[in-house]
Amino acid sequence: MIEIRDFRKVYDGLLAVDQLSFSVKPGEVLGLIGPNGAGKTTTLRSLCGLVVPTSGHLSVCGYDIEKAPIEAKKRLCYIPDDPPLFSDLTVEQHLAFTASVYNVENATEKAAQLLETFELASKKTTRASDLSRGMRQKLAIICGYLHEPEVILLDEPMTGLDPHGIRKLKESIRIRAEQGAAIVISSHLLAMVEDFCTHVLILKSGQQRFCGTLDELKDSFVSHQNSMTLEQIFFHATETDSPSLVPSLTE
Ligand SMILES: Nc1ncnc2c1ncn2[C@@H]1O[C@H](COP(=O)(O)OP(=O)(O)OP(=O)(O)O)[C@@H](O)[C@H]1O
């Protein structure tokens, strides 16, 4: 569903991501974790065609994002950490616009259901500029979900959400994964990643330090016969410069 092979991105001489390869299958939820500047957003933005890779192959549902961008984009949604909305459009105008761009069938019913789920129905006629930070995040999520994407890319999706919103988002991610979506979540909230991601990819300075299931990760890092928490593993994997100290199950 998501395939990345030998992805490399260099910005004006700065190597942001180096030889990254991984895949996410239907039903899998990959937690993309790493320190600031590790290359997480660059990877997500490249997967959805917003950043042009320096080299490598990135595909969504079998469509290469560079060679068949329309087919790939039809099947994905990307929710950035600070979603750009149209300030002067209301909530319902955003949904109508999104529905028309993606040719969504039964858009009115789907939009009403999503607005209900994310407790935004009372703000239907409010302009985006007049929404709170968390409400803007919810609107971006609803717009992203409206065309029922097979691939969902979320960059720090919990930012600004209240505990109800976080619970709803987690539930929605679980349900969409059960329905067969392939999901990538970039986050610094390690407890959240540990809670419901099926797989983890640890990036440091653009290098892949580990990619595998949570169980494989924990089996690889055992301290004095005790399994380590994801937080302990994160520090172990990102505080050393030697890639060989951290096994990669994809190699
Ligand atoms: N448009 C750009 N032009 C130049 N350099 C960039 C650009 N975008 C990102 N970078 C650089 O690429 C590297 C990776 O950035 P990226 O935003 O992908 O990291 P990140 O893992 O998402 O970080 P964070 O956790 O802080 O969001 C950083 O060194 C960053 O400064």
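That block above? That's the structure.
Just so it is clear, the structure is predicted and the values come from calculations on it, not from any experiment.

Scanning the chain from terminus to terminus reveals 9 helices and 12 strands. Relative to a compact globule of 251 residues, whose C-alpha radius of gyration would be 18 Å, the chain shows 18 Å and is just as compact. Overall, the chain is about 55 × 40 × 30 Å in size when its C-alpha atoms are taken along their principal axes. The buried share of the chain, reckoned over its 251 residues, is 49%. Accessible area for the chain stands at about 12200 Å²; split by element, carbon and sulfur atoms hold 49% of it. One way to put it: in the chain the 25 positive side-chain charges average out to a point 3 Å from where the 33 negative ones average out.

Attention now goes to the site of the ligand. The local shell around the ligand consists of Y11, L14, A16, P35, N36, G37, A38, G39, K40, T41, T42 and H188. Y11 is positioned such that a nitrogen or oxygen atom in its side chain is 3.5 Å from a nitrogen atom of the ligand. Broken down by element, the residue count for the shell around the ligand peaks at 3 residues, all from helix α1 (residues 40-47). Taken together, the residues of the shell around the ligand break down into 5 nonpolar, 6 polar and 1 charged.

This part covers the pairing of strand β7 (residues 151-155). A regular strand places its side chains on the two faces of the sheet in alternate fashion. Buried residues dominate β7, accounting for 5 of its 5 residues. A two-sided burial pattern is seen for β7, the buried positions comprising V151, L153 and D155 on one face and I152 and L154 on the other. Sheet topology note: the strand β6 (residues 76-79)/β7 ladder contains 4 bridges and is parallel. What sits directly across from L76, in β7, is V151. Sheet topology note: the β7/strand β8 (residues 182-186) ladder contains 5 bridges and is parallel. Paired with L153 across the strands is V184, a residue of β8. Note on the crossover from β7 through helix α6 (residues 163-178) to β8: the handedness is right-handed.

The next thing to look at is the packing of helix α5 (residues 133-145) against α6. Running from N to C, α5 and α6 cross one another at 15°; their axes reach a closest spacing of 12 Å. Relative to α6, the element α5 is oriented roughly parallel. In the crossing of α5 with α6, the sense of the turn from one axis to the other is left-handed. Taking contact as the criterion, the partners of K138, I141 and Y145 in α5 are, on α6, G165, L169, S172, I173 and R176. Tallied by class, the residues present in the contact of α5 with α6 amount to 4 nonpolar, 2 polar and 2 charged.

The 4 strands are arranged β2-β1-β4-β5 in an open sheet whose pairing can be described as antiparallel. Each edge of the sheet is formed by a strand with only one pairing partner; in this case those strands are β2 (14-24) and β5 (63-64). Inspection of the sheet shows strand β1 (residues 2-11) paired to strand β4 (residues 55-60) by 5 bridges, in the antiparallel sense. Within β4, the position partnered with R8 by the bridge is S55. Contacting β1, β2 and β4, α1 crosses the sheet at an angle of about 120° to β1.

We now examine the sheet that holds strand β9 (residues 199-204). Reading across from one edge, β6-β7-β8-β3-β9-β10 is the order of the 6 strands in this open sheet, with mixed pairing throughout. The outermost strands of the open sheet, each flanked by one partner alone, are β6 and β10 (207-213). Strand-to-strand, the axes of this sheet are offset by a mean angle of 15°, without reference to chain direction. Two strands pair when backbone bridges link them, and strand β3 (residues 29-33) and β9 are joined in this way by 4 bridges, in the parallel orientation.

Right, let's get into a nonpolar patch on the surface. A cluster of nonpolar side chains, namely F86, F97, V101 and Y102, defines an oily patch on the protein surface of about 390 Å² accessible area. Looking at where Y102 falls in the secondary structure, it is placed in helix α3 (residues 91-102). Since its relative accessible area comes to 34%, Y102 is described here as partly exposed.

Geometry of an aromatic ring pair is reported as the spacing of the ring centres plus the angle between the planes. What the rule picks out here adds up to 3 aromatic pairs. On the numbers, 5.5 Å between centres and 85° between planes, the contact of F86 with F97 is edge-to-face. Placement of F86 in the loop between β6 and α3 and of F97 in helix α3 is noted, with a sequence separation of 11 residues between them. The class of F86 is partly exposed, set by a relative accessible area of 46%. When the ring of F234 is compared with that of F235, the centres are 5.7 Å apart and the planes differ by 85°; the resulting orientation is edge-to-face. Its guanidinium or amino end placed over the ring of Y145, R176 lies 4.0 Å from that ring's centre, counting from NZ or CZ.

Thresholds, definitions, all that
- Residues numbered from 1 in each chain as written.
- Predicted model: local features only at pLDDT ≥ 70, side-chain atom pairs only at ≥ 80, totals over all residues.
- Heavy atoms only, no water.
- Helix = DSSP H or I, 4+ residues; strand = E, 2+ residues; numbered from the N terminus.
- Rg over C-alpha atoms; globule rule 2.2 N^0.38 Å.
- Buried < 20%, exposed > 50% of the residue type's maximum accessible area, 1.4 Å probe, protein only.
- Areas by Shrake-Rupley, 256 points an atom, 1.4 Å probe, with all protein chains shown as cover.
- Lys, Arg positive; Asp, Glu negative; His and termini not counted.
- Charge placed at Lys NZ, Arg CZ, Asp CG, Glu CD.
- Near = heavy atom within 4 Å.
- Polar contact = N/O pair within 3.5 Å; in protein donor to acceptor, adjacent residues only side chain to side chain.
- Nonpolar A, V, L, I, M, F, W, Y, C, P; charged D, E, K, R; others polar.
- Pairing = 2+ DSSP bridges.
- Right-handed = clockwise from strand over helix to strand, strands pointing away.
- Axes fitted to C-alpha atoms, helices over the stretch in contact; angles between N-to-C directions.
- Parallel < 35°, antiparallel > 145°, perpendicular 65-115°, else oblique.
- Left-handed = near helix turned anticlockwise from the far one by under 90°.
- Contact = heavy atoms within 4.5 Å.
- Patch = residues over 30% accessible without salt bridge, like charges linked within 9 Å, V, L, I, M, F, W, Y side chains within 5 Å.
- Salt bridge = Lys/Arg side-chain N within 4 Å of Asp/Glu carboxyl O.
- Phe/Tyr/Trp six-rings, centres within 6.5 Å; stacked < 30°, edge-to-face > 60°.
- Lys NZ or Arg CZ within 6 Å of the ring centre and 35° of its normal.

All quantities given are derived from atomic positions and should not be read as evidence of function.
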